[in-house]
Amino acid sequence: MQKSRRNFLKAGLASMSVATFSSGSMAAPVEAPQKFDETYDMVILGAGGAGLSAACHALDKGLKVLVVEKMSFPGGSSAISGGQWAVAGSKFQQEKGIKDDHALFIKDMMQVGHGVCKPELVDAFVKASSIEFDWFIKNSGMKPITIMVNSGMSVPRSHRFDSSKVTMFYHDYAVKHGAKIYFDTKAEHLLWNNAKKEIVGVQVKRENGKKAFIGSKKGILIATGGFARNKELLAKYSPKSQNAVAISGAGTTGDGMLMAQEYGADVLDVAYVKPTYGFTLNPKHVADKSSVFYAGAIIVNRDAKRFIRENDSYKTIGEAALSQKNGESFMVFDETIRIEALPKDPREKRFIGEKGKTDFGFVGNTIEDVAKKAGLDPKVLAQTVAEYNKHVPDASDPMGRNTLAGNFGKPIAIQKPPFVIIPATACLLSTYCGLRVDPQLRVIDVFGKPINGLFAAGEVCGGFHGESSMSGTGFGKAFSLGRLAFESMSKR
Ligand SMILES: Cc1cc2nc3c(=O)[nH]c(=O)nc-3n(C[C@H](O)[C@H](O)[C@H](O)COP(=O)(O)OP(=O)(O)OC[C@H]3O[C@@H](n4cnc5c(N)ncnc54)[C@H](O)[C@@H]3O)c2cc1C
């Protein structure tokens, strides 16, 4: 028999009975009821950045929109994110004399993703990011707090905002323009019309436990975020990440990806889930993260030896750090690097705001002194630092660190007291992989064909990052892909 999704669905639907129709754990397609409880032009699953952005643009075009959100509140990971929005060629970059453009952004993303990411998706995202960013700035009146250079960038490109304010702007805009949002409502299954051969709605569970069947004329948008809080999915796709603390949004359990997989959806990049480096021990939220290694600090393990080039993606560093003995690692730096780090991100003040002081680690007047306090071998650490310093002037580090971060800046010798050591760890923020989509954000099945009526946007999508991700391409991607998904769906 020829393999196709049509046959897959036929088999799934044929095996269904009325009894299984109401089952919560069914891994087979669900045919739409004769009559929906409610019908909208566009139904969006998830009230995070991607879902709210799609809602705003759909409402601007006069569509009747329902957003379904399983939590009691909007925002998802977007509202608690670090708020870095990577965009190239913005007016804010131009004001600071930063030269950047789409071609450089695309090149950087392809490099960070080790060429595994899909060029057509990276291209679509990078272009949409500029359009969405300009729309957001114009309509919100907000300005970035700062523009940072960060993991994988050739130039400062991360426009940092207060993420909760950005997300709430999208929420308020959507509500003001007529969006209906059902909170405490979990999308459970997508609904298929076998005559039309397309997804036509969603089965949800409301707050009172009752199921409802909701129709959507322009198809369904999955914007349910990642799966950092789903231990089973992590065990399946990324066993190394299982033990990392997750601080993503409470709803990030991979529901959207699983729902689409019931219809044979393909997934991309799932083998590359990685935790993010730079968190202090026992992290609770994104404020517990320092990027002092991107200002020049080196990172050593319990043996006081380096194990990674510190200008690599913080995801690659994160995975390497958790693989060290007992998952332990330490950021080591001096006064020059402390001064370098402070203006890069105001949040560093909390860790290293005062000379010779930190609440998160150890300080000493010599490398040996601070090593002893941190429980590291003083002799070995002194050797590690001396070896590192030797290669700084001609950027010939044997580990390959020839910049500060990404392709930006020159390494700095660690030689000016006081010296600081901060124990650090890696933490799971997002999964950056998932449903295979095309540049129109149609969900693609395992046979390479679009699933009619099914779209995805935001962190639930795969193919944009490849092996590792650049800072700022998750938050901005959510809002930008929300726009792209709306544009495709509105053409149906
Ligand atoms: C702490 C932290 C810091 C970060 N910092 C940055 C950063 O600085 N820069 C950057 O680029 N990226 C960052 N990221 C990643 C980035 O913020 C996210 O990838 C992005 O915001 C995800 O947006 P989203 O709309 O796809 O998903 P989310 O914002 O997570 O929204 C998904 C929504 O769907 C809901 N949902 C899930 N399942 C269902 C269901 N079955 N039915 C109904 N609703 C459902 C969820 O409850 C949630 O509200 C960070 C992430 C975290 C957690």
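Residues numbered from 1 in each chain as written. Predicted model: local features only at pLDDT ≥ 70, side-chain atom pairs only at ≥ 80, totals over all residues. Heavy atoms only, no water.

Glancing now at the overall build of the protein chain. Of the regular secondary structure elements, the protein chain holds 16 helices and 22 strands. Against the 2.2 N^0.38 benchmark of 23 Å for 492 residues, the protein chain shows a C-alpha radius of gyration of 24 Å, consistent with a compact globule. Here the protein chain holds 492 residues, and 60% of them are scored as buried. Sequence separation of at least 24 residues holds for 73% of the intrachain contacts in the protein chain that already meet a minimum separation of 6. (Helix = DSSP H or I, 4+ residues; strand = E, 2+ residues; numbered from the N terminus. Rg over C-alpha atoms; globule rule 2.2 N^0.38 Å. Buried < 20%, exposed > 50% of the residue type's maximum accessible area, 1.4 Å probe, protein only. Contact = heavy atoms within 4.5 Å.)

Turning our attention to helix α8 (residues 163-176). End to end, α8 covers 20 Å across 14 residues, agreeing with the expected 20 Å (1.5 Å per residue, within 8%). Inspection of α8 places S163, V166, T167, F169, Y170, H171, Y173 and A174 among the buried residues, and these make up the whole buried set. For α8, the elements touching its buried residues are α3 (49-60), α4 (76-80), β5 (84-86), α7 (119-140), β8 (180-182) and α16 (475-490). Residue G178 follows α8 closely and has a positive phi angle near 105°. (Expected span 1.5 Å × (residues − 1).)

A few words on the pattern of salt bridges. Per the counting criterion, the structure on display carries 24 salt bridges. For the salt bridge of K325 with D303, the shortest nitrogen-to-oxygen distance reads 3.1 Å. Of this pair, K325 sits in the loop between α11 (314-322) and β17 (329-333) while D303 sits in the loop between β16 (298-300) and α11, and the two are 22 residues apart along the sequence. With a closest N to O distance of 3.3 Å, K390 and E387 form a salt bridge. Of this pair, K390 and E387 both sit in helix α15 (residues 378-391), three residues apart, roughly one helical turn. Using a relative accessible area of 56% as the deciding quantity, one classes K390 as exposed. With a relative accessible area of 36%, E387 lands in the partly exposed category. Ionic contacts of the salt-bridge type, sharing partners, join the residues R306, E310, D397 and R401 into one network. (Salt bridge = Lys/Arg side-chain N within 4 Å of Asp/Glu carboxyl O.)

For the protein chain, the assigned domains read domain 1 (28-269 + 430-490) and domain 2 (276-428). With 35 residues of domain 1 in contact, the opposing surface of domain 2 contributes 23 residues. Across the interface of domain 1 and domain 2, roughly 2200 Å² is buried in total on both sides, 56% from carbon and sulfur atoms. Counting across the interface, domain 1 meets domain 2 through one salt bridge. We note a salt bridge from R160 to D345, for which the minimum N-O separation is 3.6 Å. Here domain 1 is connected to domain 2 by seven residue pairs in polar contact (both at pLDDT 80 or more). When contributions to the side of domain 1 that touches domain 2 are tallied by element, the ones reaching two or more residues are α6 (102-112), β6 (146-148) and β13 (245-246). Examining the composition of the side of domain 1 that touches domain 2, we find that three residues originate from one element, α6, more than from any other. Among the residues forming the side of domain 1 that touches domain 2, the class breakdown is 16 nonpolar, 16 polar and three charged. (Domains from an automatic or database assignment. Buried area = accessible area lost by both parts, 1.4 Å probe. Polar contact = N/O pair within 3.5 Å; in protein donor to acceptor, adjacent residues only side chain to side chain. Nonpolar A, V, L, I, M, F, W, Y, C, P; charged D, E, K, R; others polar.)

Further remarks concern the site of the ligand. The local shell around the ligand holds 41 residues, among which E69, S78, E459, G474 and F475 are the closest. With respect to the ligand, the side chain of E69 contributes an N or O atom lying 2.6 Å from an oxygen atom. Contact distances for the ligand include 3.1 Å between a nitrogen atom and a backbone N or O atom of K70. Protein chains shield 98% of the accessible area of the ligand, which is 1000 Å² for the free molecule. Elements supplying a minimum of two residues to the shell around the ligand: α3, α4, β9 (186-193), α10 (255-261) and α16. Tallied by class, the residues present in the shell around the ligand amount to 14 nonpolar, 22 polar and five charged. (Near = heavy atom within 4 Å. Areas by Shrake-Rupley, 256 points an atom, 1.4 Å probe, with all protein chains shown as cover.)

Ordered by their spatial adjacency, three strands build an open sheet running β5-β7-β6, and the pairing between neighbours is antiparallel. With one partner strand each, in any of the chains shown, β5 and β6 form the two edges of the open sheet. Within the sheet, the average angular offset between the axes of one strand and its neighbour, ignoring direction, is 30°. Judged from the three bridges that link them, β5 and strand β7 (residues 158-160) form a sheet pairing that is antiparallel. Bridged to Q84 within β7 is R160. (Pairing = 2+ DSSP bridges. Axes fitted to C-alpha atoms, helices over the stretch in contact; angles between N-to-C directions.)

Cis geometry is adopted by the peptide bond preceding P418, which originates at P417 and carries an omega value of -5°. Counting through the fold element by element, P418 comes out in the loop between α15 and β19 (419-428). Within the chain, H114 stands out as a residue other than glycine whose phi angle is a positive 50°. Inspection of the secondary structure puts H114 in the loop between α6 and α7. The partly exposed category is assigned to H114, whose relative accessible area is 44%.

As a further point, take the environment of D255. Inspection of the secondary structure assignment puts D255 in helix α10. For D255 and V43, which are 212 residues apart along the polypeptide, the C-alpha to C-alpha distance reads 16 Å. Those residues within four positions of D255 in sequence are excluded, and the remaining contacts are K70, K186 and T224.

Take the packing of α7 against α16 next. Between α7 and α16, the shortest axis-to-axis distance is 8 Å and the interhelical angle comes to 95°. Taken as axis vectors, α7 and α16 run roughly perpendicular relative to one another. Residue-level inspection shows A124, F125, A128, S129, I131, E132 and W135 of α7 in contact with α16, the latter providing G476, K477, F479, S480, L481, R483 and L484. Looking at the contact of α7 with α16 residue by residue, the classes come out as eight nonpolar, three polar and three charged. (Parallel < 35°, antiparallel > 145°, perpendicular 65-115°, else oblique.)

This part is about the side chain of T185. Within the secondary structure, T185 is located in the loop between β8 and β9. Accessibility expressed as a relative area gives 0% for T185, which makes it buried. In contact with T185, other than residues within four places in its own chain, are V68, E69, K70, V204, K205 and R206.

Moving on: the sheet that holds strand β22 (residues 450-456). Strands pair in a sheet through their backbones, by hydrogen bonds, and they do so in one of two ways: parallel or antiparallel. One open sheet holds the six strands; their spatial order is β8-β4-β3-β12-β22-β21, and the pairing between them is mixed. With partners counted over all chains shown, the strands left at the sheet margins are β8 and β21 (442-444), one partner each. Recorded for the sheet is a direction-independent mean angle of 35° between the axes of neighbouring strands. Bridge count for β21 against β22 is two bridges, and the pairing is antiparallel. Following the sheet pairing, I444 is matched in β22 by P450.

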